[in-house]
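Each chain, letter by letter, is given below.
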Amino acid sequence: MSKESEEKADYSIRIDQCCSFKPSIDNTQGYKKADGQEVKESGNGGKEMMEIYYIEDDKNIANIVKEYLEQKAFIVTVFSTLGEARCALDQRVPGLVLVDWNMPDGKGDTLCQWIRSKWKELPIIFLTVRNDTCDVVSGFNSGADDYVVKPFELEILYSRILALLRRSGNVTGKYLTCGPVSIDQNRMMVFYQNEEIGVSQAEYQLLLLLMNNKGKTVTRERLLEQIWDSNGNYVNDNTLTVTMKRLREKLHQPSCLKTIRSFGYRMEDDV
């Protein structure tokens, strides 16, 4: 058994010893804290739940952390490979990412660097058994915002998550993605993969409207009305066609930007 495998096996035992958390989820009344206090009711009432992506290949560790954080009113999605995490991030940006260093298909620091190149403000926390000074420094240099060494107390992890979110806020709505195309709404910037694309105001508004309605067909009439007519710039139908043609060329003809003949356009993730 390798040193990394031994460390993970040892941690799987110790996490149960250091944690007194007992899941107590009542499906009829929503999520509850370990002490039974309700934090979110079922349906539309209650607090909005932030999504966390957790990249961890040890199912025991992943399940314990997931159940605990879900008791704290987070939605936690676990990915057992870096590849799965990349695919999910390309489709939807969560509020925060937890990542292990040693994964079956690579190292967590490469994922951290990839995330940071695309989403500058997305909070990242390493959860790893690697506690050497050089590893911690490398983690921060890769773009991590915090570094937690296993074994850890779940309440301390929760406190670190809250502290990080107080500084960063909820970034979920700041980024829109569809395939290789993304928008940073805070900075009003458009990207194709990691390349920033210069677009005109009309092109930006056109892409933004389609991205905000991803998966839905937006009619030509609605696009003309919301992008031009609402600003007092009444144009003919050909203006939309020309603007879309230029936008597609700048975005390298992305397959996720589809023409729905005789109706309009739709942004749709490629399957």
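Procedures and definitions
Residues numbered from 1 in each chain as written. Predicted model: local features only at pLDDT ≥ 70, side-chain atom pairs only at ≥ 80, totals over all residues. Heavy atoms only, no water. Disulfide = S-S within 2.5 Å. Buried < 20%, exposed > 50% of the residue type's maximum accessible area, 1.4 Å probe, protein only. Helix = DSSP H or I, 4+ residues; strand = E, 2+ residues; numbered from the N terminus. Pairing = 2+ DSSP bridges. pLDDT = per-residue confidence, 0-100. Phe/Tyr/Trp six-rings, centres within 6.5 Å; stacked < 30°, edge-to-face > 60°. Lys NZ or Arg CZ within 6 Å of the ring centre and 35° of its normal. Core = buried A, V, L, I, M, F, W, Y, C linked by side-chain atoms within 4.5 Å.

## Quick look at the state of the cysteines
Evaluated as defined, the whole model comprises 0 disulfides. Just so you know, C256 is unpaired, no disulfide at all, and the nearest cysteine sulfur is the one on C178, 4.0 Å from it.

## Side note on the pairing of strand 12 (residues 189-192)
Two faces make up the sheet, and in a regular strand the side chains alternate between them. The two faces of strand 12 match: M189 and F191 on one face and V190 and Y192 on the other face are all buried. Inspection of the sheet shows strand 11 (residues 181-184) paired to strand 12 by 4 bridges, in the antiparallel sense. Its bridge partner lying in strand 12, S182 is registered against F191. With antiparallel pairing between neighbouring strands as the criterion, strand 11 and strand 12 make up a hairpin whose turn holds 4 residues, including M188 at a positive phi of roughly 55 degrees. Linking strand 12 back to strand 13 (residues 195-197) in an antiparallel pair, the connection comprises 2 residues, with Q193 at a positive phi of about 55 degrees.

## Description of the confidence of the model for the chain
For the chain, the mean per-residue pLDDT works out to 83, and 80% of the residues sit at or above 70. Mean pLDDT values over the elements of the chain span from 33, in strand 1 (residues 31-32), up to 97, in strand 5 (residues 96-99).

## A closer look at the packing of aromatic side chains
This structure, assessed with the given rule, holds 8 aromatic pairs. Taken together, a centroid distance of 5.7 Å and an interplanar angle of 45 degrees make the contact between F126 and Y147 tilted. With F126 in strand 8 (residues 124-128) and Y147 in strand 9 (residues 146-149), the pair connects residues that are 21 residues apart, well separated along the chain. Both residues of the pair, F126 and Y147, belong to the buried class. Directly above the ring of W114 sits R86, whose terminal nitrogen or CZ lies 5.7 Å from the centroid. Looking at K118, its charged tip hangs above the ring of W119, at a distance of 5.2 Å from the centre.

## Details of helix 4 (residues 108-118)
Counting buried residues along helix 4, 8 of its 11 residues qualify, which places the element largely inside the surrounding structure. Those residues of helix 4 that fall on the buried side of the exposure criterion are G108, D109, L111, C112, W114, I115, R116 and K118.

## As for the nonpolar core
Membership of the largest hydrophobic core comes to 28 residues, with the highest contact counts inside it found for I183, L206, L207, L210, M211, L223 and M267. For this core, the elements supplying multiple residues, two or more each, are strand 10 (175-178), strand 11, strand 12, helix 7 (201-212), helix 8 (220-227), helix 9 (237-250) and strand 16 (264-267). Sorting elements by how many residues they give to this core places helix 7 first, with 8 residues. Within the second largest apolar cluster, 24 residues are counted, among which are I55, L89, W114 and Y175.

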